[in-house]
Protein chains: 2
Amino acid sequence: MKIFILSVLLLSLTTLINGGITSKYVRQAQPANEMSLETFPSPAGHNAPEQVHLTQGDRDGRGMIISWVTPLNLAGSDVVTYWIADNGSDNGSHVKRRKKKASTSSYKFYDYSSGFLHHATIKNLEYDTKYLYEVGTGQSVRQFSFTTPPKVGPDVPYTFGIIGDLGQTYASNETLYHYMSNPKGQTILFPGDLAYQDNHPNHDQRKWDTWGRFMEPCAAYQPIIYAAGNHEIDFVPNIGERHAFRPYIRRYHNAFKTSGSISPLWYSVRRGPAHIIVLSSYSGYGKYTPQYVWLEQELKNVNREETPWLIVMVHSPWYNSVNYHYMEGESMRVMFESWFVNSKVDLVLAGHVHAYERSERVSNIKYNITNGLSTPVKDPNAPIYITIGDGGNIEGIANSFTDPQPSYSAYRESSFGHALLEIKNKTHAQYTWHRNQDNEPIAADSLMMYNRYFFPKEEIASDCFIC
Amino acid sequence: MKIFILSVLLLSLTTLINGGITSKYVRQAQPANEMSLETFPSPAGHNAPEQVHLTQGDRDGRGMIISWVTPLNLAGSDVVTYWIADNGSDNGSHVKRRKKKASTSSYKFYDYSSGFLHHATIKNLEYDTKYLYEVGTGQSVRQFSFTTPPKVGPDVPYTFGIIGDLGQTYASNETLYHYMSNPKGQTILFPGDLAYQDNHPNHDQRKWDTWGRFMEPCAAYQPIIYAAGNHEIDFVPNIGERHAFRPYIRRYHNAFKTSGSISPLWYSVRRGPAHIIVLSSYSGYGKYTPQYVWLEQELKNVNREETPWLIVMVHSPWYNSVNYHYMEGESMRVMFESWFVNSKVDLVLAGHVHAYERSERVSNIKYNITNGLSTPVKDPNAPIYITIGDGGNIEGIANSFTDPQPSYSAYRESSFGHALLEIKNKTHAQYTWHRNQDNEPIAADSLMMYNRYFFPKEEIASDCFIC
């Protein structure tokens, strides 16, 4: 371990001399093997609820959408019971229990018929409070819990996990349990590509079910904020499936209407000290489109005095120097980058590319079609761009980089992993990226981020490799 | 007139010295005044059909979609009768009459309720043949006619009119009747922005009706191939109208399914010697989106041996040097320009900007995010880009240019007008642009275009100002 830490420190030294780091740590490029359908059977019990997952259910964190699936649509299958956890005992027998009925639907996709998908939005929860909840009936009741965030405010510490392009391979499993082994993460930011069902014949929808089961040990206990990736599109006209994003939208609800959006593919939530904007790489974003109109207004709605940390999620990265999906995000960058800089966005999270990369704070907004000024330049008002499509999905690692490493690229590595963003207060947030092969306390990439609104100083890659 | 022609010739001379022309002919910038609702009352007669319009109803020109509106949905209101015109007599009493039932719907929009919108697709027509058709019942029958195109083939002469951003002002009226005064035009290519109903409170949908009546003298007699513009979006969430393009799609059907598309906002038709691809600036066009997937396949479907002329229509221009909507098309250019060059597209038609501009054959596809090569360069494989949003709508003329005129801009002028593309054979097409103030035979801008597939030579702006 000591030798490894030393080598990382040497790499860090290289940065100071040469600019960006291309980590020499390269995972083998073989595709990650997917866990079989049988790895994730339905839970035992008659009509037992499964694939339980959470996401924020309102604008500010007092709401939660609780989602689950049952094979049958029986009386009571669509009801969640929830109550404040009684410190210590957890049976909550003397606290008020509430019930909420879900909206329920099912869908067909080619030769597949889904179970019954239940989504219950519970609101007006207490801030910063542990809740227990139960779904299921009779002998098949299952109990889970979650903790609400503190009230939205500038100096509220809060820690987000960041996982992208996860899939359901043995590597995915490593990533998820690596993340869960650290109790710090309170909510996951997930910039798209969930189950990779579309890598199987006819977009085998059973893989949506197994992914839901795989994720439950995490997703039933803390909310995940998703952006939609290309693997959520499920557009297969040759088998009659002509409605983009249909299974994803059925299975993963969110509270888009509370942010004035008309589509679950773009929306925002405020959680603790952060304002999180989710965009869709695969919807219209041209001027006048609903997403464009919404984002223009949404950026005006951000109040940095209340939520100093402004984070954007989008699936296709704008600054990517890996030789996969190179410049696929360019069309959206051209559209919105100047807005992000003008709004002093702190951080942009993307997935799509199956490697890890962190950018410098750069912008590329001076260009017009004849002036040739199309090279990214350092810009203290610009976000840091993180590409974190390294969850470990079936397509394997992306292990070929553009050469030389462009100046906008601060750190890049072909490994699977996840990141943590520990927001400390309105000025500082400790960001760390953890590759799967290391013990959890080790960060392969680490940066103390400074808030662009309250403390817009230049960050220096930290030597805090064991935080 | 002689003096005027002389001045145009002088301008032409300027080109040879300086490159692109910025015409000194500038129409006054006052907004064009809209014709009142009362200008276009419903036609006389009980439940008389109105707003009759045509578009191609199949892939290759043997089909026609006949559309009309009736105030009531009475028996027979939804039927069109059609027959081959009897040369000379036109009553067709001894030719076989056929009937086709339309699909009928109506819609509500805020406080407006539409009439009954009928769309009948008739197929298997004879090529190059005049047809008569009737809609309406009892005393309110109305008769119109159209001529089908010749069979798709490389050396079939055919003339397209080109009109964009028309609206319904007195200037629009000039443009439309100017076009109609020349019998050459056989089909109109219309790159978006039709009625400008959205410039009125609550997107006054009655303006869709008056526009339909205004257009009927032309639109009932020859097909119009539309691309959707921003004024077709009708997205007004604050009055509860949350479905983009709903009225447009209800009123203007097309045969998108026959080109394998899933949306009426992007599709193609083949007509005579031309393959016409219609794209949507206001839908998703990122990689993996339905439009992207469709266009990628569609370009492979083009057979230049059958249809040598490959024309694309899109609303928002990619090469525009007017100070209005400057670079709004950039995000889509970034996505698709290399495909157009690789496919040797002959001509790209756009609207949106209320002026006229013709580009050189240029491309800007060498750029990557770090090499700085972002300047358009001459490219014999590139299309000519025409911006022709100069139909004459209520928003008035765009009369301010970027300065100096960029090298990609061959000719630009702030005048209302229309263009003609007279395809002569598989190598030559005479293109002319006609400003409203001139007599029809005068072309303010003129170019003999050479086909990119069969005769990819450099064109030289013609001095054929009276063609």
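Residues numbered from 1 in each chain as written. Chains lettered and ligands numbered in written order. Predicted model: local features only at pLDDT ≥ 70, side-chain atom pairs only at ≥ 80, totals over all residues. Heavy atoms only, no water.

Per an unreviewed UniProt entry, chain A goes by Purple acid phosphatase and derives from Brassica carinata. As recorded by UniProt, the Catalytic activity (unreviewed entry) comment attached to chain A reads in full: "a phosphate monoester + H2O = an alcohol + phosphate". The Sequence similarities (unreviewed entry) comment attached to chain A in UniProt states, word for word, "Belongs to the metallophosphoesterase superfamily. Purple acid phosphatase family." (UniProt positions renumbered as here; feature names shortened; annotations may be inferred.)

1. Here's the deal with the overall build of chain A
For chain A, the helix and strand inventory stands at six helices and 26 strands. Relative to the compact-globule value of 23 Å for 467 residues, chain A shows a C-alpha radius of gyration of 22 Å, a close match. Each principal axis of the C-alpha atoms in chain A carries an extent, and together these give about 65 × 55 × 50 Å. Counting all 467 residues of chain A, 63% fall into the buried class. In the structure as shown, chain A presents an accessible area of about 16900 Å², 52% of it carried by carbon and sulfur atoms. Taken together, the 42 basic and 45 acidic charged side chains of chain A have centroids lying 6 Å from each other. (Helix = DSSP H or I, 4+ residues; strand = E, 2+ residues; numbered from the N terminus. Rg over C-alpha atoms; globule rule 2.2 N^0.38 Å. Buried < 20%, exposed > 50% of the residue type's maximum accessible area, 1.4 Å probe, protein only. Areas by Shrake-Rupley, 256 points an atom, 1.4 Å probe, with all protein chains shown as cover. Lys, Arg positive; Asp, Glu negative; His and termini not counted. Charge placed at Lys NZ, Arg CZ, Asp CG, Glu CD.)

2. A closer look at the nonpolar core
By size, the foremost hydrophobic cluster in this structure holds 122 residues, and its most contacted members are A:F336, A:F340, B:F336 and B:F340. Each residue touching B:F340, except ones within four places of it in the same chain, is listed here: B:L279, B:L295, B:V312, B:W318, B:V345, B:V348, B:N381, B:P383 and B:Y385. (Core = buried A, V, L, I, M, F, W, Y, C linked by side-chain atoms within 4.5 Å. Contact = heavy atoms within 4.5 Å.)

3. A few points about the relation of the copies chain A and chain B
Least-squares fitting of chain A to chain B yields an RMSD of 0.0 Å, with the transformation described by 0.0 Å of translation along the axis and a rotation of 180 degrees. What we have between these two chains is a two-fold relation. In terms of proximity to the rotation axis, the leading residue of chain A is A:G284, whose C-alpha is 1.8 Å off the axis. Here 100% of the interface residues in chain A have copies in chain B that are interface residues too; the copies meet face to matching face. (Least-squares fit on C-alpha atoms with pLDDT ≥ 70 in both.)

4. Some words on the sheet that holds strand β9 (residues 116-122) of chain A
All names here are of chain A. Spatial strand order, β2-β3-β9-β6: four strands in an open sheet with antiparallel pairing. Each edge of the open sheet is held by one strand with a lone partner, namely β2 (50-56) and β6 (103-105). The mean inter-strand angle of the sheet, taken between neighbouring strand axes irrespective of direction, is 15 degrees. Across three bridges, β6 lies against β9 in antiparallel orientation. Its bridge partner being in β9, S105 is matched across the sheet by L117. (Pairing = 2+ DSSP bridges. Axes fitted to C-alpha atoms, helices over the stretch in contact; angles between N-to-C directions.)

5. Remarks on the interface of chain A and chain B
At the interface, 40 residues of chain A touch 40 residues of chain B. Where chain A abuts chain B, roughly 3200 Å² becomes buried across the two surfaces, and 67% of that area is made up of carbon and sulfur atoms. Summed over the three residues of chain A that lose the most area to chain B, namely A:F235, A:Y288 and A:I369, the buried surface amounts to 22% of that side. At the surface where chain A touches chain B, the tally comes to two salt bridges. Here A:K287 ties to B:E328 by a salt bridge, and the two come within 3.2 Å at their closest N and O atoms. Broken down by element, the side of chain A that touches chain B gets its largest block of residues, five residues, from helix α6 (residues 330-342) of chain A. Taken together, the residues of the side of chain A that touches chain B sort by class into 20 nonpolar, 15 polar and five charged. (Buried area = accessible area lost by both parts, 1.4 Å probe. Salt bridge = Lys/Arg side-chain N within 4 Å of Asp/Glu carboxyl O. Nonpolar A, V, L, I, M, F, W, Y, C, P; charged D, E, K, R; others polar.)

6. Describing the pairing of strand β22 (residues 384-388) of chain A
On a regular strand, one side chain projects to one face of the sheet and the next to the other, so that they alternate. All names here are of chain A. Counting buried residues in β22 gives five out of five residues, a clear majority hidden from the surface. Neither face of β22 is exposed, since I384, I386 and I388 on one face and Y385 and T387 on the opposite face are all buried. Direction of pairing for strand β18 (residues 347-350) relative to β22: parallel, over a ladder of four bridges. Its bridge partner lying in β22, A350 is registered against T387. Inspection of the sheet shows strand β19 (residues 356-359) paired to β22 by three bridges, in the antiparallel sense. Note that in β22 the partner of Y356 across the bridge is I388.

7. Describing the confidence of the model for chain A
Should pLDDT be low for a region, the predicted coordinates there are not to be read in detail. All names here are of chain A. Per-residue confidence for chain A gives a mean pLDDT of 93; residues scoring 70 or more make up 92%. Element-level mean pLDDT values for chain A span from 41 in helix α1 (residues 2-18) up to 99 in strand β16 (residues 274-278). For residues 1-18, every residue scores under 50 in pLDDT, and the model assigns this stretch 16 contacts once sequence neighbours within four places are set aside. At the level of chain-chain contacts, confidence expressed as ipTM amounts to 0.92, with global pTM at 0.94. (pLDDT = per-residue confidence, 0-100.)

8. Observations regarding the pattern of salt bridges
A full pass over the atoms with the stated rule returns 46 salt bridges over all chains. Beyond isolated ion pairs, a larger network of salt bridges with shared partners links A:D60, A:R270 and A:E306.

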